[in-house]
Amino acid sequence: MIRQLVNQKINNVTPQELLKLSQQYGFDLSRAQADKISKMLRGKNIDIFNDQDRRQVLQNISVNIDRRLASEINRMFNEFM
């Protein structure tokens, strides 16, 4: 049940929510980065509890946005699990 809720939230996250989470988890995130990440996640049916899905998302963030940011988001994902 919790797993479904977490994945649903991740798959429907807005840029505003990502900015709020970045403040909560203590990492820098620009509005432009939040927009890009939100577009990567929204509607993709990603299961962050699945190692392959999580790695693919983090790889996309690392390559297309910022490697450091991918590491911070991974840390945040680990807190959700």
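Parameters and conventions
- Residues numbered from 1 in each chain as written.
- Predicted model: local features only at pLDDT ≥ 70, side-chain atom pairs only at ≥ 80, totals over all residues.
- Heavy atoms only, no water.
- Phe/Tyr/Trp six-rings, centres within 6.5 Å; stacked < 30°, edge-to-face > 60°.
- Helix = DSSP H or I, 4+ residues; strand = E, 2+ residues; numbered from the N terminus.
- Buried < 20%, exposed > 50% of the residue type's maximum accessible area, 1.4 Å probe, protein only.
- pLDDT = per-residue confidence, 0-100.
- Axes fitted to C-alpha atoms, helices over the stretch in contact; angles between N-to-C directions.
- Left-handed = near helix turned anticlockwise from the far one by under 90°.
- Contact = heavy atoms within 4.5 Å.
- Nonpolar A, V, L, I, M, F, W, Y, C, P; charged D, E, K, R; others polar.
- Salt bridge = Lys/Arg side-chain N within 4 Å of Asp/Glu carboxyl O.
- Arc of directions from axis to C-beta.
- Expected span 1.5 Å × (residues − 1).
- Polar contact = N/O pair within 3.5 Å; in protein donor to acceptor, adjacent residues only side chain to side chain.

S.K.: Looking at this model, I keep getting lost on the packing of aromatic side chains. Mind explaining?
M.R.: Here the distance between the centres and the angle between the planes together describe a pair of aromatic rings. By the definition in use, this model includes one aromatic pair. When the ring of Tyr25 is compared with that of Phe80, the centres are 5.9 Å apart and the planes differ by 85°; the resulting orientation is edge-to-face. Taken together, the residues span a long stretch of sequence, with Tyr25 in helix α2 (residues 15–25) and Phe80 in helix α5 (residues 67–80) at a distance of 55 residues. According to the relative accessible area criterion, Tyr25 is buried, its value standing at 19%. Residue classification places Phe80 among the partly exposed residues on the basis of a relative accessible area of 22%.

S.K.: I tried to follow the confidence of the model for the protein on my own but got confused; where do I start?
M.R.: Any residue range with low pLDDT should be treated as having predicted coordinates unsuitable for detailed reading. Residues of the protein with pLDDT of at least 70 account for 100%, and the chain-wide mean is 92. Per-element mean pLDDT across the protein ranges from 89 in helix α1 (residues 2–11) up to 95 in α2.

S.K.: For this particular structure, what's the right way to read the packing of helix α3 (residues 31–41) against helix α4 (residues 51–64)?
M.R.: Helix-helix packing is characterised by the crossing angle of the two axes and by the distance between the axes. Where α3 meets α4, the axes come as close as 11 Å, and the angle between the chain directions of the two elements is 145°. Handedness of the crossing formed by α3 with α4: right-handed. Here α3 contributes Lys36, Ile37, Met40 and Leu41 to the contact with α4, which in turn contributes Val57, Asn60, Ile61 and Asn64. For the contact of α3 with α4, a count of residues per class yields five nonpolar, two polar and one charged.

S.K.: Sorry, what's going on with the pattern of salt bridges here?
M.R.: Opposite charge on two side chains makes pairing possible when the charged atoms of those side chains draw close. Enumeration according to the criterion identifies six salt bridges in this entry. With a shortest N-O distance of 2.8 Å, Asp47 and Arg3 are connected by a salt bridge. Highlighted residues: Asp47 in the loop between α3 and α4 and Arg3 in helix α1, separated in sequence by 44 residues.

S.K.: Is there a simple way to explain α1 in this structure?
M.R.: Because each turn of an α-helix spans 3.6 residues, side chains separated by three or four positions in sequence point in the same direction. All of the buried residues in α1 are Val6, Asn7, Ile10 and Asn11. Within α1, the buried residues cover an arc of 130° as seen down the axis, which keeps them to one side. More than 90 degrees from the buried face of α1, the exposed residues found are Ile2 and Gln4. Where α1 is buried, its residues touch α3 and α5.

S.K.: Would you mind going over α5 with me for this structure?
M.R.: An ideal rise of 1.5 Å per residue puts 20 Å on 14 residues; α5 measures up with 20 Å between its terminal C-alpha atoms. Turning to α5, its buried residues number three or more, namely Leu69, Ala70, Ile73, Met76 and Phe77. Take α5 and look down its axis: the buried residues cluster within an arc of 120°, on one side only. Among the exposed residues of α5, those pointing more than 90 degrees away from its buried face are Arg67 and Glu79. Contacts from the buried residues of α5 go to α1, α2, α3 and α4. For α5, the side-chain oxygen to backbone nitrogen distance between the N-cap and Arg68 is 2.9 Å, and the N-cap itself is Asp66.

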